[in-house]
Amino acid sequence: MKMMKKTSFKRSLVLIAAAAMCLSALTACSDSSSEGEDTASEGDAVQTEQENAAETEEESKTPLGIYGDIRTEYNENLDLSDYPLTENNVPDDYTLTVECETAALEGNAKVSDNELASGGQYVSGVNVDGDKMTVTVDVEYTGFYNLNFRTKGSSDDRVNYVFVDGEQIGDITNNGLDEFTDCILSNIYLEEGTREIAVTPYWGYVDYDCIILTKSTAVIEETYNVTSGLTNENASENTVRLYNFLCDIYGKYSLAGQYADEGRASSEYEKILAATGKSFAVLGLDVSGYSLGSQAHGTTSSTIEYAYDWYVNAGGIVQFCWHWTTPEAYAKNDSENPWYSSFYKEGSNLDLDKAMNGEDDEAYQLLMDDIDNMAEQLKRLADEDVPILWRPLHEASGGWFWWGDCEPESYIKLWNVMYDKMTNEHGLNNLIWVWNGQDPDWYPGDETVDICGWDIYAGEQVDTSQSGRFGDMATNYGEKTKLIALTENGCVMDPDKVFRDNSRWLFWGTWSDPFTMKLGVVLNDEYTTTELLIKAYNHERVLTLDELPNLTTYEKAE
């Protein structure tokens with residue numbers, strides 16, 4: 001995840017062409033001004049001079065970036081009529097308990113006695129590769145279910161994968177230590193008939209008592225009816241237009257998204273277009289190179305330029321994440337933890353708890369300096385009214401980044417301080433705040449979050465909708481209804497399954513190497529097959545770049 005990039009020959013040629021265009025425009029303006037002075041009266045000449053000077057100044061501004069053709073045609077006929085949810089035929093009072101001791105077991109999985117278990121027995125030993133537990137369920141009604149796995153384990157963060165009829169549909173995290181407790185995967189679509197529900201270990205050592213099936217109402221029509229506006233009441237016109245567009249399409253379409261460090265000059269853009277005939281709508285970029293900890297080692301970045309080009313010239317949507325390298329004074333920067341990986345906790349000496357509770361004023365001030373510095377970069381886009389889906393401090397609850405190696409309260413303080421500084425102190429009215437701390441205990445509050453996101457790396461060629469995660473986010477994060485997005489992913493989901501399962505992620509954002517590209521040269525089909533990639537980019541319910549309306553003039557649907 002090293003963020004440094006070299007300027008390509010192709011990019012240099014485009015910049016030269018852009019400079020030539022600006023020079024041509026300046027010459028034309030100069031000629032026009034001269035002609036006006038010959039024919040106008042003295043008073044009119046002064047007015048004409050002023051007008052031409054203003055036009056010349058406007059036309060002579062060097063564009064932040066042009067990396068391809070400037071788009072002139074947009075989709076003016078986007079169908080925004082309701083797309084009905086899949087029907088749920090499960091009765092409200094339905095319940096079915098399946099004892100795990102009746103399961104087919106593989107590997108080291110075995111049945112043991114325990115008086116705390118509902119049937120007096122439970123399954124253990126689903127711990128390593130080759131271990132598996134499979135229960136057979138006679139599903140009476142086609143619809144959406146809560147799958148409640150009654151579990152206990154050696155710790156409260158053990159994660160295992162769940163499969164239905166051989167397809168991985170999500171994962172469950174153990175909550176119980178000394179007794180069996182609920183571990184619910186909601187919003188799981190099951191068709192009538194005999195189904196097999198299986199568990200395999202990701203990080204095993206979990207004991208299983210039983211699985212209880214009940215009707216799920218995690219996702220309903222109101223899930224997609226986002227009525228609240230942006231958290232920033234002073235949001236710019238284009239930012240409001242983008243947010244309105246996202247709310248209008250939510251539940252009706254998903255936006256194709258892709259991380260590509262060089263925007264339209266990237267291999268991802270070129271190869272996906274060649275394979276599918278389409279381009280992603282949401283460009284994901286990382287602003288790590290602007291961190292003060294990165295700049296201390298001489299990094300430069302053109303991320304702002306790529307973002308500008310994607311929105312202004314290509315007519316797309318931009319998502320920023322920030323792999324925030326540790327301020328230089330707190331970076332380990334040794335042979336095992338080089339500076340460019342100091343966003344990981346292993347590469348950082350920064351203690352966020354101490355920084356945010358007043359025990360380390362130096363660390364706190366360095367963080368504030370970095371936020372101020374980043375705000376100056378983002379202001380370059382704000383000045384052009386380029387809206388950004390801003391996703392800082394991501395994946396915090398996982399604990400692998402320094403901003404997650406702390407108590408949730410310290411993280412929440414940092415999030416809200418960043419929001420306040422960027423919004424109120426720096427006046428960045430072009431940000432739509434995307435949070436994906438990935439745990440309700442880390443949620444900073446509805447007042448500073450516009451979109452909730454989750455990052456899912458499910459394995460190789462897992463094309464299911466991960467509907468359990470979507471259902472969890474729809475019910476357990478905040479009081480207000482928020483847009484829900486797949487902010488990072490390894491595998492592209494099958495859109496048919498996404499819409500069948502009522503788990504209609506606002507957009508996805510496939511990470512690049514190795515999940516999209518192999519060695520930066522060719523598309524990598526190890527995670528998403530070329531066949532599925534083509535299907536997803538050409539699906540009637542997936543919006544690609546060419547299918548977007550003009551987001552600078554968009555009017556909210558009635």
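Relevant structure appears above.
How each quantity is defined
- Residues numbered from 1 in each chain as written.
- Predicted model: local features only at pLDDT ≥ 70, side-chain atom pairs only at ≥ 80, totals over all residues.
- Heavy atoms only, no water.
- Helix = DSSP H or I, 4+ residues; strand = E, 2+ residues; numbered from the N terminus.
- Buried < 20%, exposed > 50% of the residue type's maximum accessible area, 1.4 Å probe, protein only.
- Areas by Shrake-Rupley, 256 points an atom, 1.4 Å probe, with all protein chains shown as cover.
- Core = buried A, V, L, I, M, F, W, Y, C linked by side-chain atoms within 4.5 Å.
- Expected span 1.5 Å × (residues − 1).
- Salt bridge = Lys/Arg side-chain N within 4 Å of Asp/Glu carboxyl O.
- 1 Å grid on protein atoms, 1.4 Å probe; cavity = no way out; pocket = protein on both sides within 12 Å on 5 of 7 lines; lining within 4 Å.
- Points joined across faces, edges and corners; volume = space filled by probe spheres on them.
- Nonpolar A, V, L, I, M, F, W, Y, C, P; charged D, E, K, R; others polar.
- Pairing = 2+ DSSP bridges.
- Right-handed = clockwise from strand over helix to strand, strands pointing away.
- Axes fitted to C-alpha atoms, helices over the stretch in contact; angles between N-to-C directions.
- Contact = heavy atoms within 4.5 Å.
- Patch = residues over 30% accessible without salt bridge, like charges linked within 9 Å, V, L, I, M, F, W, Y side chains within 5 Å.
- Lys, Arg positive; Asp, Glu negative; His and termini not counted.
- Polar contact = N/O pair within 3.5 Å; in protein donor to acceptor, adjacent residues only side chain to side chain.

S.K.: Just to check I follow, could you spell out the overall build of the chain for this structure?
M.R.: The secondary structure content of the chain amounts to 12 helices and 23 strands. Across the 558 residues of the chain, 56% fall into the buried class. When the accessible surface of the chain is split by element, carbon and sulfur atoms take 45% of a total near 24,100 Å².

S.K.: Would you explain the nonpolar core in this entry?
M.R.: The tendency in soluble globular proteins is for nonpolar side chains to be buried side by side. Judged by nonpolar contacts, the single largest core of 118 residues is most densely connected at Phe-245, Leu-255, Phe-320, Trp-390 and Met-422. Counting 29 residues, the second-largest nonpolar core is a separate cluster that includes Tyr-94, Met-133, Tyr-145 and Leu-185.

S.K.: How should helix 3 (residues 237–249) be read in this particular structure?
M.R.: Residues separated by three or four positions in an α-helix point in the same direction, a consequence of the helix having 3.6 residues per turn. Over its 13 residues, helix 3 extends 19 Å from the first C-alpha to the last, a length consistent with the 18 Å expected when each residue adds 1.5 Å. In terms of burial, helix 3 is a largely internal element, 10 of the 13 residues being buried. Turning to helix 3, its buried residues are Asn-238, Thr-239, Leu-242, Tyr-243, Asn-244, Phe-245, Leu-246, Cys-247, Asp-248 and Ile-249. Looking at the residues trailing helix 3, positive phi occurs at Gly-251, about 90°.

S.K.: Please clarify how the pattern of salt bridges should be interpreted in this entry.
M.R.: Oppositely charged side chains can pair when the atoms bearing their charge come close. Tallied over the full model, the rule gives 23 salt bridges. Here Asp-92 ties to Lys-215 by a salt bridge, and the two come within 2.7 Å at their closest N and O atoms. Of the two residues, Asp-92 sits in the loop between helix 2 (42–59) and strand 1 (95–99) while Lys-215 sits in strand 11 (residues 206–215), which places them 123 residues apart along the sequence. With a closest N to O distance of 2.7 Å, Arg-380 and Glu-305 form a salt bridge. One end of the pair, Arg-380, is in helix 8 (residues 361–382); the other, Glu-305, is in helix 6 (residues 303–313), and 75 residues separate them in sequence. Taking the relative accessible area as the measure of exposure, Glu-305 reaches 16% and is therefore buried. Bridged by salt links that share partners, the residues Glu-167, Asp-463 and Lys-497 form one connected network.

S.K.: When you look at empty space enclosed by the protein in this model, what are you seeing that I'm missing?
M.R.: The gaps left among the atoms become clear once a water-sized probe is rolled over them. Overall, the coordinates contain four cavities of 30 Å³ or more when judged by the stated rule. Approximately 120 Å³ is the volume attributed to the largest cavity. As for the largest cavity, its lining consists of 16 residues, and the residues nearest its centre are Phe-515, Thr-516, Asn-524, Thr-528 and Leu-533. Among the elements that take part in the lining of the largest cavity, helix 12 (residues 530–537) stands out by supplying three residues, more than any other. Considering only residue class, the lining of the largest cavity consists of seven nonpolar, eight polar and one charged. Approximately 90 Å³ is the volume found for the second largest cavity. What lines the second largest cavity is a set of 13 residues, and nearest its centre among them are Ser-254, Met-493, Val-498, Trp-505 and Trp-508. Those elements that place two or more of their residues in the lining of the second largest cavity are strand 19 (483–489) and helix 11 (495–500). In terms of residue count, the dominant contributor to the lining of the second largest cavity is helix 11 (three residues). Looking at side-chain class alone, the lining of the second largest cavity contains 11 nonpolar, two polar and no charged residues.

S.K.: Would you mind going over the pairing of strand 18 (residues 451–456) with me for this structure?
M.R.: Most of strand 18 sits inside the fold, with six of its six residues counted as buried. Across the two faces of strand 18 the burial is the same, with Ile-451, Gly-453 and Asp-455 and Cys-452, Trp-454 and Ile-456 all buried. Two strands pair when backbone bridges link them, and strand 17 (residues 431–435) and strand 18 are joined in this way by two bridges, in the parallel orientation. Along strand 18, the bridge assignment pairs Val-434 with Ile-451. In this fold, strand 18 hands off to helix 10 (residues 467–476), which returns the chain to strand 19; that crossover is right-handed.

S.K.: So what exactly am I meant to see when it comes to the sheet that holds strand 7 (residues 159–164) here?
M.R.: To summarise the sheet geometry, strands pair through backbone hydrogen bonds and adopt either a parallel or an antiparallel arrangement. With respect to topology, five strands assemble into an open sheet ordered 2-5-10-7-8, the strand pairing being antiparallel. Strands at the two margins of the open sheet, each flanked by one partner only, are strand 2 (104–106) and strand 8 (167–173). Taking the axes of each pair of neighbouring strands and ignoring which way they run, one obtains an average angle of 25° across the sheet. Examined bridge by bridge, strand 5 (residues 132–139) and strand 10 (residues 193–203) share seven bridges and lie antiparallel to one another. By the bridge assignment, Val-139 is partnered in strand 10 with Gly-193.

S.K.: Whenever I open this one, helix 9 (residues 408–425) confuses me. Can you help?
M.R.: Along its 18 residues, helix 9 runs 25 Å from first to last C-alpha, staying within 8% of the 26 Å computed at 1.5 Å per residue. Contact partners of the buried residues in helix 9: helix 7 (352–356), helix 8, strand 16 (388–391) and strand 17. Just beyond helix 9, the residue with positive phi is Gly-427, at close to 65°.

S.K.: I would appreciate a short explanation of a nonpolar patch on the surface in the present structure.
M.R.: Nonpolar side chains collect at one region of the surface, where Leu-519, Val-521 and Val-522 lie side by side and expose about 310 Å² of accessible area between them. Tracing the sequence through the fold places Val-521 in the loop between strand 21 (517–518) and strand 22 (522–523).

S.K.: Even after reading the chapter, I still don't get unusual backbone geometry, so can you show me in this structure?
M.R.: What is expected of a backbone is that most residues other than glycine have negative phi and most peptide bonds are trans. Residue Pro-514 is bonded to the preceding Asp-513 through a cis peptide linkage, with omega at 5°. For Pro-514, the position within the fold is in the loop between strand 20 (508–510) and strand 21. Although it is not a glycine, Leu-393 sits at a positive phi angle of roughly 55°. Along the chain, Leu-393 falls in the loop between strand 16 and helix 9. Under the relative-accessibility criterion, Leu-393 is labelled buried at 1%. At Gln-466, a residue that is not glycine, the phi angle is positive and equals roughly 50°. Within the secondary structure layout, Gln-466 lies in the loop between strand 18 and helix 10.

S.K.: Sorry if this is basic, but what is going on with the side chain of Thr-423 here?
M.R.: Considering the arrangement of structural elements, one finds Thr-423 in helix 9. When its relative accessible area of 6% is taken as the criterion, Thr-423 is described as buried. Contact partners of Thr-423, with chain neighbours within four places excluded, come to Asn-232, Leu-428, Asn-429 and Trp-433.

S.K.: Teacher, can you tell me more about the side chain of Arg-541 here?
M.R.: Examined against the element boundaries, Arg-541 turns out to sit in the loop between helix 12 and strand 23 (542–543). Salt bridges are absent for the buried Arg-541, whose nearest opposite-charge side chain, Asp-79, sits at 4.7 Å. Looking at Arg-541, its side chain comes within polar contact range of the main-chain oxygen of Lys-252, at 2.9 Å. Setting aside residues up to four positions removed in sequence, Arg-541 forms contacts with Tyr-83, Lys-252, Tyr-253, Ser-254 and Phe-499.

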